[in-house]
Amino acid sequence: MEILIMPKSTALVLFFCLAIWTQAAAQPIPDTGQITCYNLTGPIPCPSYDDPFYGQDAHYIINPMFYTKLGMDGAELIEL
């Protein structure tokens, strides 16, 4: 049986890729912002728990989207 040895440079690149990926995976994913529920023909009021079409994206607000307005220099702008 032949054992393959990975070059140090390849191992280093893989290590950094893994480190970046795990950091990105730790961040919460923002909600879609969907606020309308639908049935098979169009928009409807969001149904209750036991009703058909319950559980759509519009039912859940877990990580609401938010934005920070930045100036040309990258500094946060204060809303007046």
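Residues numbered from 1 in each chain as written. Predicted model: local features only at pLDDT ≥ 70, side-chain atom pairs only at ≥ 80, totals over all residues. Heavy atoms only, no water.

**Notes on the confidence of the model for the protein chain**
Now for step 1: For the protein chain, the average pLDDT comes to 81, and 79% of its residues sit at 70 or higher.
Now for step 2: Averaged over each element, pLDDT in the protein chain is lowest for helix H1 (residues 8-25) (68) and highest for strand E2 (residues 43-44) (96). (pLDDT = per-residue confidence, 0-100. Helix = DSSP H or I, 4+ residues; strand = E, 2+ residues; numbered from the N terminus.)

**Section: the packing of aromatic side chains**
Now for step 1: Scanning all chains against the criterion turns up one aromatic pair.
Now for step 2: Measuring from centroid to centroid gives 5.5 Å for Tyr 49 and Tyr 54, while their planes differ by 70°, and the two rings are edge-to-face.
Now for step 3: When its relative accessible area of 61% is taken as the criterion, Tyr 49 is described as exposed.
Now for step 4: Owing to a relative accessible area of 34%, Tyr 54 belongs among the partly exposed residues under this scheme. (Phe/Tyr/Trp six-rings, centres within 6.5 Å; stacked < 30°, edge-to-face > 60°. Buried < 20%, exposed > 50% of the residue type's maximum accessible area, 1.4 Å probe, protein only.)

**Some details on the state of the cysteines**
Now for step 1: With the rule as written, the count across this model stands at one disulfide.
Now for step 2: Note on cysteine connectivity: Cys 37 is disulfide-linked to Cys 46, with sulfurs 2.2 Å apart. Since a negative S-S torsion denotes a left-handed disulfide, the Cys 37-Cys 46 link at about 90° is right-handed.
Now for step 3: Look at Cys 37 and you get buried, because its relative accessible area is 1%. (Disulfide = S-S within 2.5 Å.)

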